[in-house]
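# Topology and contacts: notes
This is what each chain is made of:
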Amino acid sequence: MALLLLCAAQAMLIIDVVVVNVAIPAIRADLGIPDARLVLTSIAYTLTFGSLLIVFGRAGDLLGRLRLFGYGLTLFTLASLATGCAQTEWQLLAARAVQGVGAAMAAPAALALLTTTFPEGPRRNRALGWWAAAGSAGAIGGQLLGGLITSTLGWRWIFLINVPVGVAAVLAARRYLVETRVPRRAPLDLRGAALLVSGLAAAILALTGCPVLAVPAAILLALFVLVERRHPEPIVDGRLVSRATVLLAVNAGTLGAALFFTTMYLQVVLGYPAVLVGLAFAPVTLVVLVVSPRAAALVDRYGTRPLLAAGFVLLAAGMLLLARMPAGGSYLRDVLGPLLLLAAGSGLSYAPTFVAGTAGVPDERQGVASGLLNSAQELGSAAGLALLGALAAAAAAGNGLTHGYRAGLLVAAGSVLACLFLIRGLPSRRLAPSRG
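Here the structure is a predicted model, which is why all the values come from computation and not from measurement.

### Looking at the environment of M264
Its place among the elements puts M264 in helix α11 (residues 243-269). For M264 and L401, which are 137 residues apart along the polypeptide, the C-alpha to C-alpha distance reads 9.1 Å. Not counting chain neighbours up to four residues away, the residues in contact with M264 comprise V269 and Y405.

### Some words on the packing of aromatic side chains
Going through the model one piece at a time under the given rule, you end up with 4 aromatic pairs. Look at W155 and F159: their rings are 6.3 Å apart centre to centre, the planes differ by 80°, and that puts the pair in the edge-to-face class. Judged by its relative accessible area of 5%, W155 falls in the buried class. A connected cluster of aromatic rings, assembled from ring pairs, spans F260, F261 and Y405.

### Re the layout of surface pockets
The gaps of empty space that remain are located by a probe, the size of a water molecule, rolled over the atoms. The volume enclosed by the largest pocket comes to roughly 1400 Å³. Looking at the largest pocket, it is lined by 44 residues, and the ones nearest its centre are V18, N21, G256, F260 and L385. Those elements that provide at least two residues to the lining of the largest pocket are α1 (2-31), α3 (40-63), α6 (122-152), α11, α15 (331-358), α16 (366-396) and α17 (401-418). For the lining of the largest pocket, the class distribution of residues is 28 nonpolar, 15 polar and 1 charged.

### Notes on the pattern of salt bridges
Counted according to the given criterion, the structure contains 6 salt bridges. Put simply, R126 and D300 hold a salt bridge, and the shortest N to O gap is 3.9 Å. Separated by 174 residues along the polypeptide, R126 in helix α6 and D300 in helix α13 (residues 282-302) bring together distant segments of the chain. On the basis of relative accessibility, which here comes to 38%, the residue R126 falls in the partly exposed class.

### Observations regarding the side chain of D334
Looking at the secondary structure, you find D334 in helix α15. The buried category is assigned to D334, whose relative accessible area is 14%. Reaching out from D334, the side chain makes a polar contact with the backbone nitrogen of S330 at a distance of 2.9 Å. Within the structure, the side chain of D334 is placed 3.2 Å from the side chain of R333, a separation counted as a polar contact. D334 has contacts with L322, M325, P326 and G329, leaving out every residue within four places of it along the chain.

### Section: the packing of helix α9 (residues 190-207) against α16
Interaxial distance between α9 and α16 falls to 9 Å at its minimum, and their mutual angle equals 30°. By the angle between their directions, the pair α9 and α16 is classed as roughly parallel. Residues L200, I204 and L207 of α9 form the contact with α16, whose own contacting residues are S375, L379, A382, A383 and A386.

### Quick notes on the environment of V18
Mapped onto the fold, V18 is located in helix α1. Classification of V18 as buried rests on a relative accessible area of 16%. V18 sits 120 residues away from G138 along the chain, and the two C-alpha atoms are 8.6 Å apart. Among all residues touching V18, those that are not within four sequence positions of it are G138, A139, G142 and Q143.

### Some words on the confidence of the model for the protein chain
Looking at the protein chain, pLDDT values average 86 and 95% of them are 70 or higher. In the predicted structure, residues 431-436 sits below a pLDDT of 50 and forms 8 contacts with residues beyond four places in sequence or in another chain.

Calculation criteria
Residues numbered from 1 in each chain as written. Predicted model: local features only at pLDDT ≥ 70, side-chain atom pairs only at ≥ 80, totals over all residues. Heavy atoms only, no water. Helix = DSSP H or I, 4+ residues; strand = E, 2+ residues; numbered from the N terminus. Contact = heavy atoms within 4.5 Å. Phe/Tyr/Trp six-rings, centres within 6.5 Å; stacked < 30°, edge-to-face > 60°. Buried < 20%, exposed > 50% of the residue type's maximum accessible area, 1.4 Å probe, protein only. 1 Å grid on protein atoms, 1.4 Å probe; cavity = no way out; pocket = protein on both sides within 12 Å on 5 of 7 lines; lining within 4 Å. Points joined across faces, edges and corners; volume = space filled by probe spheres on them. Nonpolar A, V, L, I, M, F, W, Y, C, P; charged D, E, K, R; others polar. Salt bridge = Lys/Arg side-chain N within 4 Å of Asp/Glu carboxyl O. Polar contact = N/O pair within 3.5 Å; in protein donor to acceptor, adjacent residues only side chain to side chain. Axes fitted to C-alpha atoms, helices over the stretch in contact; angles between N-to-C directions. Parallel < 35°, antiparallel > 145°, perpendicular 65-115°, else oblique. pLDDT = per-residue confidence, 0-100.

Printed below as a string of structure tokens:
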């Protein structure tokens, strides 16, 4: 029940990152939001979510993960209600931002509760497999869910549906979860927290349309590193920033961009309506749900390195095949096969990445380690879409959309293959099966 609850919460939080994309035209028509500010509907959530993950992860280590998980889910649920009832643009954006704060409180606490509830080894690996499946399926299936709900019940219900789910999760958490915090008296480094949150927020805004903030982001994050080096209890222990963190960021960024290009290809080039686009991704969600838990179990036998290598090769193969999408193509001939390769690659690589990123981390640091992994996923997605999207737009100018998508997908595939050199440096040890 603990695993089911934590995975359901993770899926709900991740779905809200992407579910709004399909509903944006309906939101624009209902609230009269200008096209230039429509992107803020997504950015408002991503900004607070991505910038606060690490700080709230550390806060959970110090103050209590179960407490922060419950507070975060409650805030997220109330903000979802406010978002669904919004009557003006500012109400919608403010509620979305508060949703992101609640999600940032709950997500690292949930992963830390999972990694401290299940001891390191096969049991934790299997739990992380389901966790990764829930997150990946939520990120991909969110488009399907958004399209179906918007077409049948209206855009407000993509947020209102969180209310009964959130209430049930809060009540279930009180019954099935136990506090796993290691008692510590160290205070939270507020100065470092302020610099980290400001730096990450500026970085996210720079990646999502305000490049002028790139320099302030770099300065703030550099100051954060200097402050942390002198603090006796830093928010982020440098030893926690691992190869797994980088691999997760590249994985999330390139996969997110590839799925975005595929969505645009189906909608703009082939003329599919939103519901059909959502249904086109249903097989991907199914494959991820099947492969990811199995991949986590295989870690016990083969270790993380072979599975990560296989997963990244499949991701690159899917992107290279998608780069061949012609202007007069079809879903079955040109899209479905590569999408299934992406799904298999994602399923094989996500769980081993989380296993590698949390292995060997002491319990009192699991919260901030979880925050780092979640933050890498969010920032990687934003960076990948911003950089590869800009490249695709430049390549498409005067050459057509498919040419632009091809350029973005080829660079994404190259980035994924380059990660094989990072994977070679990961520990190759296998985990002994648990007794009993």
